[in-house]
Amino acid sequence: MDKLLIEGGPRLAGEIAISGAKNAALPLLCAALLTRDPVTFTHVPDLNDIGTMLRLLAQMGVKVEREGSTVTLDAGGLDTPVAPYELVKTMRASILVLGPLVARMGEARVSLPGGCAIGARPVDQHIKGLQAMGAEIAVEQGYVHARTARLKGARLFTDMVTVTGTENLMMAACLAAGETVIENAAREPEVVDLANCLVAMGARISGAGTDVIRIQGVESLHGTTHRIMPDRIETGTYLCAAAATGGDVRLTGTSACYLDAVVDKLMDAGCEIETGRDFIHLHASRRLTAVSIRTAPYPAFPTDMQAQFMAINTVAEGTAVIRETIFENRYMHAVELIRLGADIRIDGNTAVVQGKPALEGATVMATDLRASASLVIAGLVARGETLVERIYHLDRGYEHLEQKLAALGARVRRVR
Ligand code: UD1
């Protein structure tokens with residue numbers, strides 16, 4: 001299994017381009033299931049999760065063509081509306097095929113994703129929404145089996161804000177008969193990116209980006225070409241890496257408009273940040289000041305940036321209080337950061353981080369995608385060498401991580 005060897009110390013400096021967003025690309029690829037026409041996506045990141053999704057779609061009968069960062073999907077021959085456990089278990093976002101499959105084929109068999117490292121993460125809201133739209137749903141032998149003649153528009157209310165839940169129901173509603181209203185909808189920019197693509201395919205959607213989305217169902221959708229939005233979490237992760245090392249970094253092909261809450265906190269920590277339509281420039285000239293955060297649905301501070309902020313707080317001046325309100329078990333990185341010398345106390349969903357002047361390199365283990373990113377950031381500032389094990393998590397969500405870090409002057413090497 002690959003590991004990442006990081007020699008801490010160098011200040012990150014230079015310019016890198018941000019990749020297309022994983023969390024936008026995954027639902028967008030599933031949207032291609034809604035039409036018989038080919039759909040082309042550009043700026044698709046080269047990530048393991050994308051490979052998994054393309055394999056999943058291919059085994060359903062979707063023709064997949066991939067050339068560099070351009071992917072064309074042709075679901076004209078879609079004949080197997082099944083998502084098997086072997087693929088779903090490696091990637092929870094596979095559940096995003098459920099809505100489109102039921103809407104277009106009137107049937108779907110999708111394995112339940114099960115638990116994962118960061119909590120129970122059920123899909124009850126996806127199921128409840130589809131039932132309200134008239135689907136008959138049975139959960140048998142670990143599979144969600146959904147059937148219907150044609151989905152009917154309905155008023156949907158989700159018990160909590162769910163990103164993939166909103167996306168699944170929005171996609172399903174595009175082909176339903178009549179109007180669907182999703183209340184308490186997720187407002188994440190990835191939901192808006194998906195809605196923009198669906199509208200370009202002929203869907204009638206309004207309100208994406210607010211907490212009430214209205215969809216007028218249509219008979220069929222057609223093909224289009226869509227460019228995936230920049231990855232705001234990748235952006236935030238490199239900003240944190242630059243900030244922690246006292247660096248000077250320009251990120252291109254991205255925009256601060258997707259991550260106001262993160263940029264705000266980095267400025268509170270003492271970073272100077274200049275933003276333009278398609279770039280963010282961060283300059284950190286002194287030791288960071290500790291910043292407290294509380295995760296919540298967009299536009300508040302994203303849970304996917306919590307671990308990286310814990311890492312920068314470990315070497316900041318002062319004490320930070322971190323509250324995780326989205327996932328019940330998302331502090332696995334804390335014990336690994338403690339192995340590097342960090343001072344962190346956890347009490348339920350609250351973590352108190354007392355900043356220290358320095359961390360010491362050690363061997364640590366990545367437990368999930370963003371936890372891994374926090375360990376990389378800590379490794380970049382720790383004295384000596386840090387070996388991050390199980391970096392397959394990073395390969396799921398960060399495109400060309402070592403190359404990008406190396407381009408900024410970091411000393412990182414993949415070892416087998
Ligand atoms: C998405 C993101 C993930 C991010 C998360 C929260 C993708 C592919 N993944 O995950 O990176 O961390 O949003 O911003 O976009 N819940 C239920 N029942 C449901 C659905 C959700 O109880 O049916 C709960 C979850 O357990 C969690 C909360 O609702 O506690 C939010 O989860 P959700 O927004 O659905 O996360 P994902 O869409 O899986």
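This text goes with the structure placed above it.
Overview of the structure.

Here is what the cut-offs are and how they apply
- Residue numbers restart at each chain and count upward from 1, following the sequence in its written direction.
- Local features are withheld for residues below a pLDDT of 70 in this predicted model, meaning they are given only at 70 or higher, and side-chain atom pairs are given and counted only at 80 or more; totals for whole chains, interfaces and linings count all residues.
- Side-chain metrics rest on all non-hydrogen atoms present in the structure, leaving aside hydrogens and water.
- A run of H or I in DSSP counts as a helix once it spans at least four residues, and a run of E counts as a strand once it spans at least two, with each numbered from the N terminus.
- The size measure is the radius of gyration over C-alpha atoms, and the globule rule it meets is 2.2 Å times the number of residues to the 0.38 power.
- Type-normalised accessible area, obtained with a 1.4 Å probe on protein chains alone, sets the label of each residue: buried when under 20%, exposed when over 50%, and partly exposed for intermediate values.
- Two residues form a contact once any of their heavy atoms are found within 4.5 Å.
- Per-residue and other accessible areas follow the Shrake-Rupley method at a 1.4 Å probe size, with only the shown protein chains counted as cover for residues.
- Side-chain atoms alone can form a polar contact between residues adjacent in sequence; in general such a contact is a pair of N or O atoms within 3.5 Å, and within protein one must be able to donate a hydrogen while the other accepts it.
- The sign given to each residue is positive for Lys and Arg and negative for Asp and Glu; His and the chain ends receive no count.
- Salt bridges are defined as contacts in which a side-chain nitrogen from Lys or Arg sits within 4 Å of a carboxyl oxygen from Asp or Glu.
- For this analysis, a ring pair means two rings from Phe, Tyr or Trp (six-membered ring only for Trp) whose centres lie within 6.5 Å, classed as stacked if their planes differ by under 30 degrees, edge-to-face if by over 60, and tilted for the remaining angles.
- Note on geometry: a ring has a charge over it if NZ (lysine) or CZ (arginine) is within 6 Å of the ring centre and within 35 degrees of the ring normal.

## Side note on the overall build of the protein
No. 1: In terms of helices and strands, the protein carries 14 helices and 24 strands.
No. 2: Taken over the C-alpha trace, the protein has a radius of gyration of 21 Å; the compact-globule value for 416 residues is 22 Å, and the two agree within 12%.
No. 3: Seen through its C-alpha atoms, the protein measures out along the principal axes to roughly 65 × 45 × 40 Å.
No. 4: Considering the protein as a whole, with its 416 residues, one finds that 58% of them fall into the buried category.
No. 5: Pairs at least 24 apart in sequence give 74% of the contacts found in the protein among residues at least 6 apart.
No. 6: As displayed, the protein has an accessible area near 15,600 Å², and 48% of this comes from carbon and sulfur atoms.

## Considering the side chain of Thr180
No. 1: Summarising the element assignment, Thr180 is placed in strand β11 (residues 179-183).
No. 2: With relative accessibility at 0%, the residue Thr180 sits in the buried group.
No. 3: Reaching out from Thr180, the side chain makes a polar contact with the backbone nitrogen of Ala154 at a distance of 3.4 Å.
No. 4: When near neighbours in sequence (up to four residues on either side) are disregarded, Thr180 contacts Met133, Gly153, Ala154, Leu156, Ala173, Ile213, Arg214 and Ile215.

## As for the environment of Asp159
No. 1: The residue Asp159 is located in the loop between β10 (155-157) and α6 (163-174) in this model.
No. 2: We classify Asp159 as exposed; its relative accessible area is 52%.
No. 3: Linking Asp159 and Gln125, residues 34 residues apart in sequence, is a C-alpha distance of 7.3 Å.
No. 4: Setting aside residues no more than four positions away along its own chain, Asp159 makes contact with Gln125, Lys128 and Asn184.
No. 5: A polar atom in the side chain of Asp159 sits 2.8 Å from the side chain of Lys128.

## Section: unusual backbone geometry
No. 1: Look at the link from Tyr298 to Pro299: it is a cis peptide, with omega at 10°.
No. 2: When you line up the elements, Pro299 lands in the loop between β18 (293-294) and α10 (306-314).
No. 3: Residues other than glycine seldom take positive phi values, yet Arg390 does so here, at roughly 60°.
No. 4: In this structure Arg390 comes out as partly exposed when scored by relative accessible area, which is 36%.
No. 5: The backbone of His400 sits at a positive phi, close to 50°, despite the residue not being glycine.
No. 6: Assignment of secondary structure puts His400 in the loop between α13 (392-397) and α14 (401-407).

## Details of the side chain of Arg92
No. 1: Looking at the secondary structure, you find Arg92 in the loop between α3 (85-88) and α4 (98-105).
No. 2: With no salt bridge to any partner, buried Arg92 finds its closest opposite charge in Asp124, at an N-O distance of 7.5 Å.
No. 3: Here Pro122 takes part through its backbone oxygen, which lies 3.4 Å from a polar atom of the side chain of Arg92.
No. 4: Non-local contacts of Arg92, meaning those with residues more than four positions away in its chain, are made with Pro113, Arg121, Pro122 and Val123.

## Quick word on the packing of aromatic side chains
No. 1: One pass over the full model with this rule turns up one aromatic pair.
No. 2: A cation over a ring is seen here: Arg250 above Phe279, with NZ or CZ 4.0 Å from the ring centre.

Shape descriptors only; they carry no functional weight alone.
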